[in-house]
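Per-entry structural report
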Amino acid sequence: MKKNILITSFDMEVGGVERSLAAMLNNFDYNNYEVDLHLHSHTGPLLDLLPQKTNLLPQLPTCKSYRQSIKQILLSGHLQLFFKRFFAKFQASKYGKTNQTASLGYFQMQEIWRLCVNNTQTINKNYDVAISYLWPHHFTAFNVKAKTKIAWIHTDYSIIEIDIKADLTIWKKFDHIISISNACTQSFLKTHPSLKSKIVVVENITSPEYVKKMSEDRCGKAFSQVSFNLVSVGRLCNAKAYDRAVDALNVIHQKGFTNINWYIVGEGGDRSKIEALISKYNLQDNFVLLGSTTNPYPYMKAADIYVQPSRYEGKAVTIAEAQILAKPILITNYSTSTSQISHNIDGIICEQSIDDIADAIIKLFQDDTLRSDLSTHCKKQDYSNKEELASLYDLFD
């Protein structure tokens, strides 16, 4: 008899976590497991990547509110959720002032779930296994019934601002914790050392055949053939640091390398901030926001360099995909960077400053041999890893 598995996440907007979820579902063992997928919001172009064998559950209105603005929640008639969301925002602001930090996104999301989970609908089905794929994990902890509960770590815990005591209370409600890399595990255990016995490493699933096939499509916007083109893929948010990318390209152009262009594939809340910087430096023709797409791979393939200028990452799916496409890769030295790149072997790791990012790009631009060596190394590697799922299945029994 097949076991019933539930996987919960937020949506299928363009992002590394969402692509890794789609890849996992497309490689799942449906001969032995029935898989239901609950998404808080049925939105995002990556919905098209979900396999037919996965049963997408109906959307729950109160769950959708977690992807809505406070005004939208009020207009939808969820008054209790409206007041609690407003209070969560107030609490986050208070926390920021007390702790002198502007990085409030994680704390505010944690407060939203802490306050609102009791006003959120439940899933009325008993499961053998329930998997919460994206933090915060309150919904699966409180609103789902399952014999075994598993939660995923996708981020670098060393840099996020949260209520650690409240966070630990939620993690303790899960039988197992999946980390996507050893580096993620180490940073997580610095915050929650008592949870060491629960952690299992399961890397993000990548499909070289799929990535290479999809990269053969045409780009929606053709790159200049006389320019040196950089590409980055990811949400327009603080973590991805595209604001610094604009600053870095300005430095590059100020040094005379005006034929270098930078293309960003993705969408997000920082768009207006990034656009303001583009205008400030008059880089409208050189730093291009392409928006979101279900298929970023033609852009990645067309790039001269793939760049990940992030402030922090867990284990970026996009880096593995760029490796599959044998691109010269430049990433910043966030705490988990060495879990994906060996410096000067399959990529370059530079420091986090704007000048360091600019200098590393110029170095790669000028050194054809280095770019060729990085690309050649990636071509020789096998990046398929669907066997990682065996470690997950072991937790089901």
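Residues numbered from 1 in each chain as written. Predicted model: local features only at pLDDT ≥ 70, side-chain atom pairs only at ≥ 80, totals over all residues. Heavy atoms only, no water.

1. Some remarks on the sheet that holds strand 9 (residues 260–265)
If you walk across this open sheet you meet the 6 strands as 10-9-8-11-12-13, and the pairing is parallel. Across the chains shown, the open sheet's two edge strands, defined by having one partner strand only, are strand 10 (287–291) and strand 13 (348–350). Ignoring which end each strand starts from, the neighbouring axes of this sheet average 25° apart. Inspection of the sheet shows strand 11 (residues 305–308) paired to strand 12 (residues 329–332) by 3 bridges, in the parallel sense. (Pairing = 2+ DSSP bridges. Helix = DSSP H or I, 4+ residues; strand = E, 2+ residues; numbered from the N terminus. Axes fitted to C-alpha atoms, helices over the stretch in contact; angles between N-to-C directions.)

2. Observations regarding the packing of aromatic side chains
By the definition in use, this model includes 22 aromatic pairs. Here Tyr66 and Trp113 contribute two aromatic rings whose centre-to-centre distance is 3.6 Å and whose plane-to-plane angle is 0°, an arrangement assigned as stacked. Of the two residues, Tyr66 is situated in the loop between helix 2 (61–64) and helix 3 (70–75) and Trp113 in helix 5 (residues 105–116); the sequence distance between them amounts to 47 residues. Here Trp113 falls in the buried class, since its relative accessible area comes to 0%. Note on Trp171 and Phe188: the rings are 4.9 Å apart at their centroids and 75° apart in plane angle, and the pair reads as edge-to-face. Here Phe188 lies in helix 8 (residues 182–191) and Trp171 lies in helix 7 (residues 164–171), a separation of 17 residues in the sequence. An aromatic cluster is built from Phe28, Tyr30, Tyr33, Tyr393 and Phe396, whose rings are joined through pairwise contacts. (Phe/Tyr/Trp six-rings, centres within 6.5 Å; stacked < 30°, edge-to-face > 60°. Buried < 20%, exposed > 50% of the residue type's maximum accessible area, 1.4 Å probe, protein only.)

3. Focus on the layout of surface pockets
There is about 320 Å³ of room inside the second largest pocket. In terms of lining residues, the second largest pocket is bounded by 19 residues, among which Glu203, Lys315, Ala320, Gln323 and Tyr383 are the most central. In the lining of the second largest pocket, the residues fall into 5 nonpolar, 10 polar and 4 charged. (1 Å grid on protein atoms, 1.4 Å probe; cavity = no way out; pocket = protein on both sides within 12 Å on 5 of 7 lines; lining within 4 Å. Points joined across faces, edges and corners; volume = space filled by probe spheres on them. Nonpolar A, V, L, I, M, F, W, Y, C, P; charged D, E, K, R; others polar.)

4. Considerations on helix 7
Looking at helix 7, one finds that the buried residues are Asp167, Ile170 and Trp171. Along the axis of helix 7, the buried positions cluster into a sector of 100°, meaning they face one direction only. The backbone nitrogen of Lys165 lies 3.3 Å from a side-chain oxygen of the residue at the head of helix 7, namely Asp163. (Arc of directions from axis to C-beta. Polar contact = N/O pair within 3.5 Å; in protein donor to acceptor, adjacent residues only side chain to side chain.)

5. Thoughts on helix 10 (residues 242–254)
Taking 1.5 Å of rise per residue, the 13 residues of helix 10 would be expected to cover 18 Å, and the 18 Å separating its terminal C-alpha atoms lies within 8% of that figure. With 12 of its 13 residues buried, helix 10 lies for the most part within the structure. The elements touched by buried residues of helix 10 are strand 8 (228–233), strand 9, helix 11 (271–280), strand 10, strand 12 and helix 14 (354–366). One or two steps after helix 10, the chain reaches Gly256, where phi turns positive at roughly 100°. (Expected span 1.5 Å × (residues − 1). Contact = heavy atoms within 4.5 Å.)

6. Regarding the nonpolar core
Core analysis: the largest hydrophobic core is formed by 72 residues, its most contacted members being Ile7, Met24, Phe28, Leu392 and Phe396. With 6 residues, helix 1 (residues 16–26) is the largest single contributor of residues to this core. If sequence neighbours within four positions are ignored, Leu392 has contacts with Met24, Phe28, Ile131, Ile150, Trp152, Ile178 and Val202. By size, the runner-up hydrophobic cluster in this structure holds 33 residues, among which are Leu236, Ala358, Ala360 and Leu364. (Core = buried A, V, L, I, M, F, W, Y, C linked by side-chain atoms within 4.5 Å.)

7. Side note on the packing of helix 10 against helix 11
Interhelical geometry of helix 10 versus helix 11 gives an angle of 10° and a closest axis separation of 9 Å. It follows from the interaxial angle that helix 10 and helix 11 lie roughly parallel. Here Tyr242, Asp243, Val246 and Asp247 of helix 10 come into contact with helix 11, specifically with Lys273, Ile274, Leu277 and Ile278. By residue class, the composition of the contact of helix 10 with helix 11 is 5 nonpolar, no polar and 3 charged. (Parallel < 35°, antiparallel > 145°, perpendicular 65-115°, else oblique.)

8. Description of the sheet that holds strand 6 (residues 176–179)
Ordered in space as 3-2-1-4-5-6-7, the 7 strands form an open sheet in which the pairing is parallel. Each edge of the open sheet is held by one strand with a lone partner, namely strand 3 (55–56) and strand 7 (199–201). The strands that helix 8 touches are strand 5 (145–153), strand 6 and strand 7; relative to strand 7, the one it contacts most, it runs at about 160°.

9. Comments concerning the pattern of salt bridges
Per the stated rule, a full pass over the model turns up 17 salt bridges. Of the charged contacts in the structure, one is a salt bridge between Asp36 and Lys125, with a shortest N-O distance of 3.0 Å. A residue pair is termed long-range when its members are at least 10 positions apart, and Asp36 in strand 2 (residues 33–39) and Lys125 in the loop between helix 5 and strand 4 (126–132) qualify at 89 residues. Among the ionic pairs, Glu313 bridges to Lys240, the shortest N-O distance being 2.6 Å. Of the two residues, Glu313 is situated in the loop between strand 11 and helix 13 (317–324) and Lys240 in the loop between strand 8 and helix 10; the sequence distance between them amounts to 73 residues. (Salt bridge = Lys/Arg side-chain N within 4 Å of Asp/Glu carboxyl O.)

10. Some words on the packing of helix 10 against helix 14
The description of two helices packed together rests on the angle between their axes and the distance between the axes. Two elements in contact, helix 10 and helix 14, have axes separated by 8 Å at closest approach and are oriented at 60°. By the angle between their axes, helix 10 is oblique relative to helix 14. Crossing of helix 10 over helix 14 shows right-handed handedness. The segment helix 10 lies against helix 14, with Arg244, Asp247, Ala248, Val251 and Ile252 engaging Ile354, Asp355, Ile357, Ala358, Ile361 and Ile362. Residues of the contact of helix 10 with helix 14, tallied by class, amount to 8 nonpolar, no polar and 3 charged. (Left-handed = near helix turned anticlockwise from the far one by under 90°.)

11. Quick look at the state of the cysteines
Following the criterion strictly, the structure yields 0 disulfides and no others. Cysteine Cys184 shares no disulfide, and the gap to the nearest cysteine sulfur, in Cys237, comes to 15 Å. (Disulfide = S-S within 2.5 Å.)

12. Some thoughts on the pairing of strand 12
Where burial is concerned, the two faces of strand 12 agree: the one with Ile329 and Ile331 and the one with Leu330 and Thr332 are both buried. The parallel pair strand 11 and strand 12, bridged by helix 13, forms a crossover whose chirality is right-handed. Bridge analysis of strand 12 against strand 13 gives 3 bridges, and the strand direction is parallel. Bridge pairing in strand 13 places Leu330 opposite Ile348. (Right-handed = clockwise from strand over helix to strand, strands pointing away.)

Keep in mind these numbers describe shape, not what the thing actually does.
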